[in-house]
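For reference, the chains in residue letters:
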Amino acid sequence: MRWIRYTLQGQTAHGMLDEDDRIVPVAGDPFGVYEKLPQRLALADVSLEVPVVPPTFYCVGLNYTKHISAEGMKIPNKPDVGYRANNALLPHEGEVIMPADAMRVHYEGELVVVIGKKTRDIEVSQVADCIFGYTIGNDVSERNWQAADRTFWRAKNSDTFKPMGPWISTQADIAAMRTTVSVNGETTTAFDTADMLFGVEEFISTMSRYLTLYPGDMIWMGTDGHSPDLQDGDVVEVSLTGLGTLRNRFVRTKKI
């Protein structure tokens, strides 16, 4: 099943995509009680929104060896989790705005895990029961700011720096999944999505020992490889096997 959030005539709602990419609108909350409505909508007639606005936005740190090496970091010996800001979220086909003083803007194509129910202190074997589904994220980063600032407040959390979508799939085969990133139609990064230092189950189990996860919380699982410096007008596509493609254009503003 694929869940979307969409806007039609000024109203934002949840819906499900059928096999023909027709939208089945629903009344209610996909994380709780909902009812399918009788009408059907064409995907082309609506504006896609980010598929979920999370109560808490988690983002895994260094989780793939090639990316760690490319950024000159040390390989961690345990799961490491950070936070991102909801103001940075951007839907499929939205424009990533690069501030005029952002010189080294990079993509990071990532698997995103969405939590489906309240979760606390669970074992690795119990993690699958708390997952609602999976989507695609692009953890856009400005490397000069990342190196210069004490925190990631602008390097990773500037407005529009977190494209996500286009939908949430409730099923995914991570073991068979491939992450591919292209810039202007040319593949620049490709890696096996499951080739993580610490997998989805280990991260969620570890997190749950110390904090409560809630429906709609999401965890971005990190990236591999290295991005080129993105330029004004570049179109970045992040594709994950079985999940689809997230596409966004990068546009430079003239104002700092």
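Residues numbered from 1 in each chain as written. Predicted model: local features only at pLDDT ≥ 70, side-chain atom pairs only at ≥ 80, totals over all residues. Heavy atoms only, no water.

Draft legend 1. Summary view of the UniProt feature "domain: Fumarylacetoacetase-like C-terminal" (unreviewed entry) in the chain. As annotated by UniProt and renumbered to match this structure, "domain: Fumarylacetoacetase-like C-terminal" (unreviewed entry) occupies residues 57-250. Overall, residues 57-250 shows 11% helix and 36% strand. The separation of its end C-alpha atoms is 23 Å. (UniProt positions renumbered as here; feature names shortened; annotations may be inferred. Helix = DSSP H or I, 4+ residues; strand = E, 2+ residues; numbered from the N terminus.)

Draft legend 2. Quick peek at the domain arrangement of the chain. Splitting the chain by domain gives domain 1 (1-49) and domain 2 (50-252). With centres defined by C-alpha atoms, the gap from domain 1 to domain 2 works out at 24 Å. Facing eleven residues of domain 1, the contacting portion of domain 2 comprises 17 residues. Both faces combined, the contact of domain 1 with domain 2 buries some 1,200 Å², and carbon together with sulfur accounts for 63% of it. Among the residues of domain 1 in contact with domain 2, W3, F31 and L48 are the three that bury the most area, contributing 48% of the side total. At the junction of domain 1 with domain 2, the criterion picks out zero salt bridges. The interface formed by domain 1 and domain 2 holds three residue pairs in polar contact (both at pLDDT 80 or more) in total. Going through the elements one at a time, β1 (2-8), β2 (11-17) and β6 (47-49) are the ones with two or more residues in the side of domain 1 that touches domain 2. (Domains from an automatic or database assignment. Contact = heavy atoms within 4.5 Å. Buried area = accessible area lost by both parts, 1.4 Å probe. Salt bridge = Lys/Arg side-chain N within 4 Å of Asp/Glu carboxyl O. Polar contact = N/O pair within 3.5 Å; in protein donor to acceptor, adjacent residues only side chain to side chain.)

Draft legend 3. Molecular detail of the UniProt feature "domain: Rv2993c-like N-terminal" (unreviewed entry) in the chain. Per the UniProt annotation, the sites labelled "domain: Rv2993c-like N-terminal" (unreviewed entry) are residues 1-51. As a span, residues 1-51 carries 0% helix and 57% strand, and end to end its C-alpha atoms are 13 Å apart.

Draft legend 4. Summary view of the sheet that holds strand β17 (residues 186-192). Read from one edge to the other, the open sheet built from five strands follows the order β10-β20-β19-β16-β17, with strand pairing classed as mixed. In this open sheet, the two edge strands, each paired with only one partner strand, are β10 (95-98) and β17. With strand direction ignored, the average angle separating the axes of adjacent strands in the sheet is 20°. Sheet topology note: the strand β19 (residues 235-240)/strand β20 (residues 244-252) ladder contains six bridges and is antiparallel. (Pairing = 2+ DSSP bridges. Axes fitted to C-alpha atoms, helices over the stretch in contact; angles between N-to-C directions.)

Draft legend 5. Just unusual backbone geometry, in detail. Going from G165 to P166, the amide bond is cis rather than trans, its omega being 0°. In this structure, P166 sits in strand β15 (residues 162-169). Its identity is not glycine, yet E93 carries a phi of approximately 75°, on the positive side. Checked against the element boundaries, E93 lands in the loop between β9 (89-90) and β10. Notably, N184 is not glycine yet its phi reads approximately 55°, a positive angle. On the secondary structure map, N184 appears in the loop between β16 (178-183) and β17.

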